[in-house]
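Chains, contacts and geometry: an overview
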Amino acid sequence: MQWLLLILLIVVVGFVISAYNRLIALKGETLNAWKQIDVQLKRRHDLIPNLVNAVKGAMDFEKDTLEAVIQARNQAVKLQASASPTGGIQALAGAEAALGAALSRFNVVVEQYPALKATSNIGQLQEELTSTENRVAFARQLYNDTATSYNVKQQQFPWNLVAGLAKAETVELYEIEEPKEREVPVVDLSMKPKA
Amino acid sequence: MSTANLFEQQRQNRRRSAVLVTVFILFFAWIGFGGDLVLYLQSGGAEPGQYRHTVPLVGIAVTLLAIGMTGFAWRTGAKQVLSATGAWELISASTDDERRFVNVVEEMAIASGLPKPKVWIVPDDDPNAFATGIDPKTAHVAVTRGLLKTLTRDELQAVVAHEMAHVRNLDVRLMTLLAALVGVIAIVSDVTMRGLRFGGRGRSGGGGKKGGGGALVIVLLVLWLVTVILAPIISRMLALAVSRKREYLADATAAQFTRNPAALASALEKIEHADAPTKAIKHGVAHLCIADPLGRRVTNREGFVADLLATHPPMARRIARLKQMAYQYEKTGELVEPAL
């Protein structure tokens, strides 16, 4: 009888240890994936002043577009400082989405200046921009996958029994909440004169 | 089957190649220790004082040889492959193509959650790519100059994703092990056949009919000899079967990294149409490449022989599978690997 109890105790302790370690490992992976997003966002924010400087002279009359990019960037930088997996990610994701929209408008404008593409290093900067956008997207993909499996695991039985012990809490996903950001833009090709 | 999600499919794929590897190792054990068994039974009728085969020396020797060869390939494999193809390491990018390539590799390192591999360029105008290095920390990804010129950014990304998938799935490690085992089996088979020729002549002269031990010994002996004679072919086919499974798995994993199976499909189409053999890439590296570099038409045919002899699955089937994935992904937003 005593032996049985002892074996039971060993099994329980063994389970608690392994479940605890699993949760801690997942938490570490999530934080790591978050750090990757952080690095890539910083890269994106650092790239923008270079981009703006490269075109400032040639695009003086497109000031609005440039202003919009700079403002969106500053807003994103501000929110990035306070974001972490336990809070602030969704606000940051919104700001970054706004910045992405401003950048794609900017790209459209650059395409209208063939002279600009020929003379400056804008081609190289555009490759940098494409790559940076991809990095942000892939870092986000990895983070969301990792964070989702962390969130699911800590609620599943029997891992949920040690979730408190491992200080596991649900983390925010990097995604856009506002339905406006998700809306598909309406393109009017009917060529009717605008009222 | 086809409704299981991608990760489940990948798990199944891995299980299937685990079965193949197990079969391979059992086959290998039979070649080594089976020989010992035959010798043991044959010397069973020996009188006291005569030699009796009780220690499985053949098996031990063969295993040690395999460990040695694998260890050697493990250490020097990556360097040998890279120098055999004449690749040079891209340390600081200078042209637009190179910059784009380095960026794409870094993006895929992020998507796969692996450290950034070393980046190499093979001076060859035929589009191809391969990965090597036995663990993700010391991995190398190499592409040909032709690949950088031919593919769009998305297609290049897909090809690099396929190579990073090989790195993450530890395929180089697996294929290095199998190649070493195939090599040892070839040696064992060769030695046995030579020994048979000499031994046969000696025995017929002495007329020794002493060994004995009954029908079982003769059946086992014949069985063992037949397998040993066929072993080089069988082992190579098993290794190729594993290789093809890993190609499908790498295609699916690449789609998981990029979420863009269509780009890999169109990259494969372009690589296939430029069907000049990749001269810089030699026979021994073929199984590591994204497409069979030897331009063997066998990869383009479907059918029994093609299925057994190719390092890669038929291009048409890989492309069709990827297109199916792309269609599904577009429609349902879910990545599903089509059943084999």
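The structure displayed is predicted, hence computed values, not measured ones.

Below, the discussion takes up the overall build of chain B. Counting its regular elements, chain B contains 10 helices and four strands. When the helices and strands of chain B are read in sequence order from the N terminus, they spell out α-α-β-α-β-β-β-α-α-α-α-α-α-α. The buried share of chain B, taken over its 340 residues, is 40%. Long-range contacts, defined as pairs at least 24 residues apart, comprise 71% of the intrachain contacts of chain B with a sequence gap of at least 6.

As a further point, take the overall build of chain A. A tally of helices and strands in chain A yields six helices and zero strands. Ordered by position from N to C terminus, the α and β elements of chain A give α-α-α-α-α-α. Residue burial in chain A is summarised as follows: out of 195 residues, 27% are buried. Excluding contacts between residues fewer than 6 apart, the proportion of contacts in chain A whose partners are at least 24 apart in sequence is 79%.

Across the boundary between the two partners, chain B contributes nine residues, which contact nine residues of chain A. Tallied by class, the residues present in the side of chain B that touches chain A amount to two nonpolar, two polar and five charged.

Below, the discussion takes up the nonpolar core. In summary, soluble globular proteins display a tendency toward joint burial of nonpolar side chains. All names here are of chain B. Among the nonpolar cores identified, the biggest contains 112 residues, and M108, A142, V159, V160, L181 and L264 are the most heavily contacted of them. The greatest single-element share of this core, amounting to 12 residues, is contributed by helix α7 (residues 215–258). Here V160 is in contact with V104, V105, M108 and V141, once residues within four sequence places are set aside.

As for its placement among the helices and strands, Q324(B) is situated in helix α10 (residues 315–332). Sequence separation between Q324(B) and E337(B) is 13 residues; the distance between their C-alpha atoms is 8.4 Å.

Moving on to the packing of helix α5 (residues 153–168) of chain B against helix α8 (residues 261–273) of chain B. All names here are of chain B. Look at α5 against α8: their axes get within 8 Å of each other, and the N-to-C directions meet at 95 degrees. The pairing of α5 with α8 is recorded here as roughly perpendicular in orientation. Judged by residue contacts, D154, E155, Q157, A158, V159 and H162 of α5 engage A263, L264, S266, A267 and K270 from α8. Here the residues of the contact of α5 with α8 are counted per class, giving five nonpolar, three polar and three charged.

Another aspect to go through is unusual backbone geometry. For the bond from F157(A) to P158(A), the omega torsion is 5 degrees, close enough to zero to count as cis. Tracing the backbone shows P158(A) in the loop between α5 (122–155) and α6 (179–182). Positive phi, close to 55 degrees, is recorded for R259(B), a residue that is not glycine. Inspection of the secondary structure puts R259(B) in the loop between α7 and α8.

Attention now goes to the packing of α5(A) against helix α3 (residues 96–112) of chain B. Where α5(A) contacts α3(B), the two axes come as close as 8 Å, and the packing angle between them is 10 degrees. Relative to α3(B), the element α5(A) lies roughly parallel. In this structure, α5(A) contributes E127(A), S131(A), N134(A), R135(A), F138(A), A139(A), Q141(A) and L142(A) to the contact, and α3(B) contributes D96(B), R99(B), R100(B), N103(B), E106(B), E107(B), I110(B) and A111(B). Classifying every residue of the contact of α5(A) with α3(B) gives five nonpolar, four polar and seven charged.

Confidence along chain A averages 84 in pLDDT terms, with 87% of residues attaining 70 or more. When pLDDT is averaged over each element of chain A, helix α1 (residues 2–56) of chain A comes out on top at 90 and α6(A) at the bottom at 55.

Within a sheet, each strand pairs with its neighbour through backbone hydrogen bonds, oriented either parallel or antiparallel. Residue and element names in this part refer to chain B. Read from one edge of the open sheet, four strands run β1-β2-β4-β3, paired in mixed fashion. Sheet topology places β1 (88–89) and β3 (129–132) at the edges, where each strand pairs with a single neighbour. Pairing of strand β2 (residues 118–122) with strand β4 (residues 140–144) involves five bridges; the strand directions are parallel. Looking at the pairing, K118 lines up with H140 of β4. Along the sheet, α5 contacts β3 and β4; its crossing angle with β3, the most-contacted strand, is approximately 25 degrees.

The side chains of a regular strand alternate between both faces of the sheet. As defined by bridge partners, β1(B) adjoins β2(B) across two bridges and the pair is classed as antiparallel. Residue pairing in the sheet places E89(B) in a bridge with W120(B) of β2(B).

This paragraph deals with the pairing of β4(B). Residue and element names in this part refer to chain B. Taking burial as the measure, the five residues of β4 include five buried ones, the bulk of the element. Covered by surrounding structure in β4 are H140, A142 and T144 together with V141 and V143, the residues of both alternating faces. As paired elements, β3 and β4 share four bridges and run antiparallel to each other. Its bridge partner being in β4, F130 is matched across the sheet by A142.

This part is about the confidence of the model for chain B. Residues at a pLDDT of 70 or more form 85% of chain B, whose mean pLDDT is 81. For this predicted complex, the interface confidence comes out at an ipTM of 0.74, alongside a pTM of 0.79.

All names here are of chain B. Checked against the element boundaries, S243 lands in helix α7. S243 sits in the buried class, given 23 other C-beta atoms within 10 Å. The sequence separation of S243 and S17 amounts to 226 residues, and the corresponding C-alpha distance is 8.8 Å.

Conventions and cut-offs
- Residues numbered from 1 in each chain as written.
- Chains lettered and ligands numbered in written order.
- Predicted model: local features only at pLDDT ≥ 70, side-chain atom pairs only at ≥ 80, totals over all residues.
- Helix = DSSP H or I, 4+ residues; strand = E, 2+ residues; numbered from the N terminus.
- Buried ≥ 20, exposed ≤ 12 C-beta atoms within 10 Å, placed from the backbone.
- Contact = placed C-beta atoms within 7 Å.
- Nonpolar A, V, L, I, M, F, W, Y, C, P; charged D, E, K, R; others polar.
- Core = buried A, V, L, I, M, F, W, Y, C linked by C-beta atoms within 7 Å.
- Axes fitted to C-alpha atoms, helices over the stretch in contact; angles between N-to-C directions.
- Parallel < 35°, antiparallel > 145°, perpendicular 65-115°, else oblique.
- pLDDT = per-residue confidence, 0-100.
- Pairing = 2+ DSSP bridges.

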